[in-house]
Amino acid sequence: MQLFQQLLFVLLAAAAVWIFARKVTTIRRNINLGREEDLKDNPGARWRNMLLLAFGQKRMFDKPMVAFLHFIVYAGFVIINVEILEIVLDGIFGTHRLFAPWLGGFYSFVINFFEFLAFSVLAACVVFLLRRNVVRVKRLNMKELAGWPRSDANYILTFEIVLMSLFLLMNAADKSLQLQQYGHYRDVQTNFWISGIITPLFQNLSVGTLLVIERGAWWLHIAGIFVFLNYLPYSKHLHIILAFPNTYFARLKPQAQMVNMPEIQREVLYAMDPGAAANAPAEEGHKRFGAKDVPDLTWKNLLDAYTCTECGRCTQACPANQTGKLLSPRKIMMDTRDRMEEIGAHTAANGGTFQDDGKSLLHDYISTEELWACTSCQACVQVCPVLIDPLHIINQLKRYLALEESNQPGEWNAMYSNVENNFAPWKFSPDDRANWALELNEQQGA
């Protein structure tokens, strides 16, 4: 029986890891749909970003209560996985509490610390469920979250509550078997701080029933971990993993510094210095200005889309959204991810080649009304806990609208014409632009 349990455990673990690896390969392939972007400079600053923002969650603490609860869930999730290591090894070797003999009396403290974390995670998840479904915090109940996104958040919180409950239930049944001096359970005498509270509920149960509860909770807990591992890539909670590379590869330029297009910069320089244009090397064929679809974006834009936590801080901070405009930076990221998944699936189905499906990120997913509502104020970039940059995507889509489709608000056309002809937004000849200073000098001379 023990050999069968070990074999079943190894097979389940291998299947879970294989399925997870396949999905990770798909996500990596989808991210690589984007253009190249070199983000390897200044590794010291990049490691600092990752430690402070992904691991330390620095930007979360502008909302202290939420940050504290989120940190409990995050820390509990990470630290309790140390206990998962023991469960995994017990499953492989057919042992029971493998680390207990090695750690001696310290083992009891470690397990009780895990129990405290498990109960804290459970309580925090209950609070988060109440905030979403009873208090109905506005940013967590906006229209772009209707359907799967809202259900996804509820599923994952419920799942974590179940996992933590199974962990505590397993320990409570284990303690009851210890008290009954049954088999190898009597070899590890541990006082559980949290599960010990419910242990008296099992005191009148038979050994057989306690074994079913303890082993059942063990199997359900480990199976739940395998299910969670493979649910993660389909969930917004993928940020648990991707927050680390995303903060590491974040752009290190000053936040308000936009990324210019070399082609446009050259045109401006040539207009200011016609002699340079005459000696300039021949240019390549026309390249698309801005971005119309996912392959026109960079791989970092696509990594941003997969990393999005859907927390809504960006949309909450967006002045356009606050004044009733359609723009929602969170929706921009969700739409980019959805379109990327769609293109990735089509590409895989066609042997690695994407065939035009008649749709694009611009227009079919993101409307011009959303884009032109953006003021480029950087508020969405400033508040993101994991350094996602929705504005970088918005600006590339706006560039396509303006430079490829000439699709911009009509009142902008006069300004564009003035910039092109007069090198300034105003309708004055460059030769006359300084006349105001001459007039001022004349007045002062008089």
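Residues numbered from 1 in each chain as written. Predicted model: local features only at pLDDT ≥ 70, side-chain atom pairs only at ≥ 80, totals over all residues. Heavy atoms only, no water.

A. Examining the overall build of the protein chain more closely. A count of helices and strands for the protein chain gives 20 helices and 0 strands. Since a compact globule built from 446 residues should have a radius of gyration of about 22 Å, the 29 Å found for the protein chain marks it as more spread out than a globular shape. Counting across all 446 residues of the protein chain, residues that qualify as buried make up 45%. Taking the intrachain contacts of the protein chain between residues at least 6 apart in sequence as the baseline, contacts between residues at least 24 apart amount to 76%. Accessible surface, the protein chain as shown: approximately 23500 Å² in total, 63% of it carbon and sulfur. (Helix = DSSP H or I, 4+ residues; strand = E, 2+ residues; numbered from the N terminus. Rg over C-alpha atoms; globule rule 2.2 N^0.38 Å. Buried < 20%, exposed > 50% of the residue type's maximum accessible area, 1.4 Å probe, protein only. Contact = heavy atoms within 4.5 Å. Areas by Shrake-Rupley, 256 points an atom, 1.4 Å probe, with all protein chains shown as cover.)

B. Layout of the side chain of Arg 132. Among the structural elements, Arg 132 can be located in helix α5 (residues 106-135). Lacking a salt bridge, the buried Arg 132 has Glu 310 as its closest oppositely charged neighbour, with an N-O distance of 7.0 Å. Apart from the residues within four sequence positions on either side, Arg 132 is in contact with Leu 140, Asn 141, Ala 153, Asn 154, Leu 157 and Lys 236. (Lys, Arg positive; Asp, Glu negative; His and termini not counted. Salt bridge = Lys/Arg side-chain N within 4 Å of Asp/Glu carboxyl O.)

C. Broad picture of the UniProt feature "transmembrane region" (unreviewed entry) in the protein chain. Taken from the UniProt record, the annotation "transmembrane region" (unreviewed entry) applies to residues 6-25, 67-89, 109-131, 152-172, 192-213 and 218-234. As a span, residues 67-89 carries 100% helix and 0% strand, and end to end its C-alpha atoms are 33 Å apart. Span residues 152-172 is 100% helix and 0% strand, its end C-alpha atoms 30 Å apart. (UniProt positions renumbered as here; feature names shortened; annotations may be inferred.)

D. Region of the structure containing the state of the cysteines. If you walk through the whole model with that rule in mind, you get 0 disulfides. Of all cysteine sulfurs in the structure, the one in Cys 314 sits closest to Cys 308, which takes part in no disulfide; the separation is 6.2 Å. No disulfide involves Cys 374; its sulfur sits 6.4 Å from that of Cys 380, the nearest cysteine. (Disulfide = S-S within 2.5 Å.)

E. A look at the packing of helix α6 (residues 148-179) against helix α7 (residues 207-231). It is at 8 Å that the axes of α6 and α7 come closest, and there the two elements cross at 150°. Between α6 and α7, the crossing angle belongs to the class labelled roughly antiparallel. In terms of crossing hand, the pair formed by α6 and α7 is left-handed. Each residue belonging to the contact of α6 with α7 can be placed in one class, and the counts come to 22 nonpolar, 3 polar and 3 charged. (Axes fitted to C-alpha atoms, helices over the stretch in contact; angles between N-to-C directions. Parallel < 35°, antiparallel > 145°, perpendicular 65-115°, else oblique. Left-handed = near helix turned anticlockwise from the far one by under 90°. Nonpolar A, V, L, I, M, F, W, Y, C, P; charged D, E, K, R; others polar.)

F. Molecular detail of the pattern of salt bridges. In the structure shown here, the tally under the stated rule is 15 salt bridges. Here Glu 37 makes a salt bridge to Arg 251, at a shortest N to O gap of 2.8 Å. On the criterion of sequence distance, the pair formed by Glu 37 in the loop between α1 (2-31) and α2 (43-55) and Arg 251 in the loop between α8 (239-248) and α9 (262-272) is long-range, its members being 214 residues apart. Of the two residues, Glu 37 and Arg 251, neither departs from the other in class, the shared state being buried. Measuring nitrogen to oxygen at the nearest pair gives 3.1 Å for the salt bridge that ties Arg 330 to Glu 144. On the criterion of sequence distance, the pair formed by Arg 330 in helix α14 (residues 329-349) and Glu 144 in the loop between α5 and α6 is long-range, its members being 186 residues apart. When its relative accessible area of 16% is taken as the criterion, Glu 144 is described as buried. Each of Asp 293, Arg 339, Glu 342, Asp 357 and Lys 359 takes part in a single network of salt bridges with overlapping partners.

G. Fine view of the environment of Ile 72. Within the secondary structure, Ile 72 is located in helix α3 (residues 64-93). Here Ile 72 falls in the buried class, since its relative accessible area comes to 16%. With near-sequence residues (within four places) excluded, Ile 72 lies in contact with Ser 120, Val 121 and Ala 124.

H. How the structure looks around the packing of α3 against α7. Between α3 and α7, the shortest axis-to-axis distance is 11 Å and the interhelical angle comes to 120°. Taken together, the axis directions place α3 and α7 in an arrangement best described as oblique. Handedness of the α3/α7 crossing: left-handed. Mapping the contact onto sequence places Phe 77, Ile 84, Ile 87, Val 88 and Gly 91 in α3 and Trp 218, His 221, Ile 222, Ile 225 and Phe 228 in α7. Taken together, the residues of the contact of α3 with α7 break down into 8 nonpolar, 2 polar and no charged.

I. Highlighting the nonpolar core. Among the nonpolar cores identified, the biggest contains 45 residues, and Tyr 306, Leu 327, Leu 371, Ile 394 and Leu 397 are the most heavily contacted of them. With 7 residues, helix α18 (residues 390-403) is the largest single contributor of residues to this core. Two domains each provide a minimum of three residues to this core, namely domain 1 (1-32 + 63-249) and domain 3 (291-430). Among all residues touching Leu 397, those that are not within four sequence positions of it are Ala 291, Lys 292, Leu 361, Leu 362, Ile 366 and Leu 371. Residues Ala 16, Leu 163, Ala 217 and Leu 232 belong to the second largest nonpolar core, which totals 43 residues. (Core = buried A, V, L, I, M, F, W, Y, C linked by side-chain atoms within 4.5 Å. Domains from an automatic or database assignment.)

J. Region of the structure containing unusual backbone geometry. A positive phi is found at Gln 57, a non-glycine position, where the angle reads about 55°. Mapped onto the elements of the fold, Gln 57 is located in the loop between α2 and α3. Its identity is not glycine, yet Arg 136 carries a phi of approximately 55°, on the positive side. Secondary-structure assignment places Arg 136 in the loop between α5 and α6. Take Arg 136: its relative accessible area is 46%, and that puts it in the partly exposed class.

K. Quick look at the environment of Trp 299. Looking at the element boundaries, Trp 299 is found in helix α11 (residues 299-307). A residue is classified by how much of its surface remains accessible, and Trp 299, at 16% relative accessible area, is buried.

L. Structural view of the packing of aromatic side chains. This model, assessed by the stated rule, comprises 14 aromatic pairs. Ring centres 5.4 Å apart and planes at 85° place the aromatic pair Phe 249 and Trp 299 in the edge-to-face group. Taken together, the residues Phe 249 in the loop between α8 and α9 and Trp 299 in helix α11 connect sequence positions 50 residues apart. Among the residues examined, Phe 249 registers a relative accessible area of 24% and is labelled partly exposed. (Phe/Tyr/Trp six-rings, centres within 6.5 Å; stacked < 30°, edge-to-face > 60°.)

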